[in-house]
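Listed here are the chains, written in short residue letters.
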Amino acid sequence: SMACNIRLYPHHIRTILTDHGFSDAGIYTGELSFAEFGLRAIKNAYFAYYFGGMLRKAGCRIRPYERNSGETDRVLDKAAKMVKDSFLGKRDKEKVLEEIVTRFQWIEMEPGNRQKVAIFGDLYSRDNEVMNQGLVRFIEDHGGEVITTPYSEYAKMIAKPYFRKWFNEGQYLSVLSNSAALATMKQMEKTYHALFNRILEEPEHEYNEPVADILSRFNVAPEHTGESMDNLLKVHYLKKHHPDLSLFVQASPALCCASLITEAMRERIEEVTGVPVVSVTYDGTGGLKNEVIIPYLKFSRKEKG
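Below is a summary of the structure that appears in this document. This one's a predicted model, so the numbers in the text were calculated from it and none came from an experiment.

Points about the side chain of Glu202
Moving on, step 1. Tracing the sequence through the fold places Glu202 in the loop between helix H9 (190-200) and helix H10 (211-216).
Moving on, step 2. Taking relative accessible area as the criterion, Glu202 reaches 9% and is therefore assigned buried.
Moving on, step 3. Side chain to side chain, Glu202 and His205 meet in a polar contact 3.4 Å long.
Moving on, step 4. Among residues more than four places away in sequence, those in contact with Glu202 are Lys57, Arg61, His193, Asn197 and His242.

In structure tokens:
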């Protein structure tokens, strides 16, 4: 019941498998939270996104200023293996995180203050390095610092409008189970956040503003759920939590309806946030798609007003 015909995907996957001789394969069509498998599955799914997202966020915060090139990536590679062991039950998550944070703190950094660039848009395009031609590294190589959003934060950001949508559609069990699970995860992550905050140095973000008030600034109503609405919430909170943002980059795949709608609102996003927006479309035909960003990094624009 999410956006972009996601409930069509399991059928499409099953068709592909059947065509390739795997007619007996079963496709999971349950909750995105894996609630059917119990609390442990919900917890591990959530914190897989949390740990992965926060490690990536820490890497983007440190790598542009590292004194010894490649050191941050080496720590991230080691951290990924350590986190994997913790999810397999071989090590305690909190102790693993303490060790990882210490490794990050050992990285020598040069002083500096690069332009901050936030990426939003289609979830595949913005976070898949193959799809977006190494967008994060491209921005860093041309003088920017990337602000990323862990999927755990993204879930908290869009939860209210989707809970409301599901309630209005009579999906009461989904509302109850997912809202209870999210509240539990938010409490459990406080210990981990305190550890990450040794290097990130930012407070826990709250996403409690009335959704209708945020969306009305873009002439959108809460009933307009979907990726375009998600993008509006994301740019609002990114600007709120990072007031020194210099640029938004919208990463989109070709032929994506939601991306086209968001791109059509680009001028309004700039008016509301005061931050320029550049859209990059990845169509799989090759070419250096990210080069369109270079002028925005080289010739930064002051906030309107």
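Structural notes on the packing of aromatic side chains
Moving on, step 1. Inspection of the entire model under this criterion finds 18 aromatic pairs.
Moving on, step 2. Here Phe47 and Tyr192 contribute two aromatic rings whose centre-to-centre distance is 5.4 Å and whose plane-to-plane angle is 80 degrees, an arrangement assigned as edge-to-face. In this pair, Phe47 is assigned in helix H2 (residues 39-62) and Tyr192 in helix H9, connecting sequence segments 145 residues apart. Tyr192 carries the same exposure label as Phe47, and that label is buried.
Moving on, step 3. On the numbers, 6.0 Å between centres and 75 degrees between planes, the contact of Tyr50 with Phe196 is edge-to-face. With a gap of 146 residues between them, Tyr50 in helix H2 and Phe196 in helix H9 connect regions that are remote in the sequence. For the pair shown, Tyr50 and Phe196 are each scored as buried.
Moving on, step 4. Through a chain of ring-to-ring contacts, three or more aromatic side chains come together here, namely Tyr46, Phe47, Tyr50, Phe51, Phe87, Tyr192 and Phe196.
Moving on, step 5. Directly above the aromatic system of Phe87 lies the positively charged group of Lys93, at a separation of 4.5 Å from the ring centroid.
Moving on, step 6. The ring centre of Tyr154 lies 4.8 Å from the NZ or CZ of Arg126, which sits over that ring.

Remarks on a nonpolar patch on the surface
Moving on, step 1. A contiguous nonpolar patch, built from Ile6, Leu8, Tyr9, Ile13, Leu123 and Tyr124 and spanning about 530 Å² of accessible area, is present on the exposed surface.
Moving on, step 2. Sorting the residues of the nonpolar patch by element identifies helix H1 (9-19) and helix H5 (123-127) as the ones contributing at least two each.
Moving on, step 3. When you line up the elements, Leu123 lands in helix H5.

So, the sheet that holds strand S2 (residues 144-147)
Moving on, step 1. Read from one edge of the open sheet, four strands run S2-S1-S3-S4, paired in parallel fashion. Where the open sheet ends on each side, the last strands, each with one partner, are S2 and strand S4 (277-282). Between one strand and the next, the sheet's axes are offset by a mean angle of 30 degrees, whatever the strand orientation.
Moving on, step 2. Pairing of strand S1 (residues 115-121) with strand S3 (residues 245-253), which is carried by six bridges, proceeds in the parallel orientation. Across the sheet, the residue bridging to Val117 is Leu247, located in S3.

Analysis parameters
Residues numbered from 1 in each chain as written. Predicted model: local features only at pLDDT ≥ 70, side-chain atom pairs only at ≥ 80, totals over all residues. Heavy atoms only, no water. Helix = DSSP H or I, 4+ residues; strand = E, 2+ residues; numbered from the N terminus. Buried < 20%, exposed > 50% of the residue type's maximum accessible area, 1.4 Å probe, protein only. Polar contact = N/O pair within 3.5 Å; in protein donor to acceptor, adjacent residues only side chain to side chain. Contact = heavy atoms within 4.5 Å. Phe/Tyr/Trp six-rings, centres within 6.5 Å; stacked < 30°, edge-to-face > 60°. Lys NZ or Arg CZ within 6 Å of the ring centre and 35° of its normal. Patch = residues over 30% accessible without salt bridge, like charges linked within 9 Å, V, L, I, M, F, W, Y side chains within 5 Å. Areas by Shrake-Rupley, 256 points an atom, 1.4 Å probe, with all protein chains shown as cover. Salt bridge = Lys/Arg side-chain N within 4 Å of Asp/Glu carboxyl O. Pairing = 2+ DSSP bridges. Axes fitted to C-alpha atoms, helices over the stretch in contact; angles between N-to-C directions.

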